[in-house]
Amino acid sequence: MLLEVKNLNAGHGFLQILWDVSIQVDVGEYVCIVGPNGAGKSTTMKTIAGLITPKSGQILFKGEPIHGIGGHQVTRRGIAFVSEEMNLFTNMSVQENLFMGAYILDDKALIKRRLDFIYDLFPRLEERKSQLAGTMSGGERKMLAIGRGLMSDPALLLVDEPSFGLAPQLTASVFESLDTLVKGGLTILLVEQNVTKTLSVTHRGYVLENGRVGLAGKSSDLACDPYVRKVFLGV
């Protein structure tokens, strides 16, 4: 198992948001976490990424504990996190932002291969490699955030709300890119508000409500579940 989250309890200060959350992601899987606003989806991702220290529970990556080691070390272990906020360096160019994503790599040849790979995946980024990140459209910034995450050559990509604020056409483009990455062998854990789209493309899913995992299973099964259809799909 690539990632194992066991009985995770976490939150902000005195406010506990996650209650005994357990998630598994195997190599090559495309797994999603869905649920209403405030369910704890982003908190789960940030805790896995090392940005939040859990109150209790375990996070194992490749069988080794990573809970509490900090975001910098989590990245070095092989996990890249693309946050909803994206956190780009807006006064730096597209290419400079991408190189910042490769700060843990020393192999110049590998960095060059990663850059070429990302430009193949997102041709628009290569077209605008000299443009300041802060002047790009929302869809372009989302592509750049994903590209920067990929520059570290991760084994696991955490993607939080990739369609947030995007027009439908750009949302489709971002999802196509993620699908291409999975087909190329990358493992992805995705948090997304668009439940219908998410369950149609991922392999497995977890439904998070009030900080707890309520349902889990194949995405196709969850999409047919009467409760999911009623509460999240409006059917």
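Before going into details, it helps to say that this report is about the structure given with it. The shown structure was predicted, so the numbers you read here are calculated from the model rather than taken from an experiment. (Residues numbered from 1 in each chain as written. Predicted model: local features only at pLDDT ≥ 70, side-chain atom pairs only at ≥ 80, totals over all residues. Heavy atoms only, no water.)

**Section: the overall build of the protein chain**
- A count of helices and strands for the protein chain gives ten helices and ten strands.
- Relative to the 2.2 N^0.38 estimate, which gives 18 Å for 235 residues, the radius of gyration of the protein chain is 17 Å and therefore close to what a compact globule would have.
- For the protein chain, the spread of C-alpha atoms along the principal axes amounts to about 45 × 40 × 30 Å.
- Classification of the 235 residues of the protein chain by burial places 49% in the buried group.
- Of the contacts formed within the protein chain by residues at least 6 apart in sequence, a portion of 66% connects residues at least 24 apart.
- Carbon together with sulfur atoms contributes 50% to the accessible area of the protein chain, which is approximately 10,800 Å² in total.
- A gap of 2 Å separates the mean positions of the 24 positive and 24 negative side-chain charges of the protein chain. (Helix = DSSP H or I, 4+ residues; strand = E, 2+ residues; numbered from the N terminus. Rg over C-alpha atoms; globule rule 2.2 N^0.38 Å. Buried < 20%, exposed > 50% of the residue type's maximum accessible area, 1.4 Å probe, protein only. Contact = heavy atoms within 4.5 Å. Areas by Shrake-Rupley, 256 points an atom, 1.4 Å probe, with all protein chains shown as cover. Lys, Arg positive; Asp, Glu negative; His and termini not counted. Charge placed at Lys NZ, Arg CZ, Asp CG, Glu CD.)

**Remarks on helix α4 (residues 108-121)**
- Compared with the 20 Å implied by 1.5 Å per residue over 14 residues, the 20 Å span of α4 between its first and last C-alpha is a close match.
- Taken together, the buried positions of α4 are Leu-110, Ile-111, Arg-114, Leu-115, Ile-118, Tyr-119 and Leu-121.
- Looking at the packing, one finds that the buried side of α4 touches α3 (94-100), α5 (123-127), α6 (138-150) and α7 (168-183).
- Of the residues that open α4, the one with a side-chain oxygen 2.9 Å from the backbone nitrogen of Ala-109 is Asp-107. (Expected span 1.5 Å × (residues − 1). Polar contact = N/O pair within 3.5 Å; in protein donor to acceptor, adjacent residues only side chain to side chain.)

**Structural notes on the sheet that holds strand β5 (residues 64-65)**
- Strand order across the open sheet formed by four strands is β2-β1-β4-β5, with antiparallel pairing between neighbours. Only two strands of the sheet have a single neighbouring strand rather than two, namely β2 (15-25) and β5.
- Judged from the five bridges that link them, strand β1 (residues 3-12) and strand β4 (residues 56-61) form a sheet pairing that is antiparallel. Considered in β4, the bridge of Asn-9 is made with Ser-56. (Pairing = 2+ DSSP bridges.)

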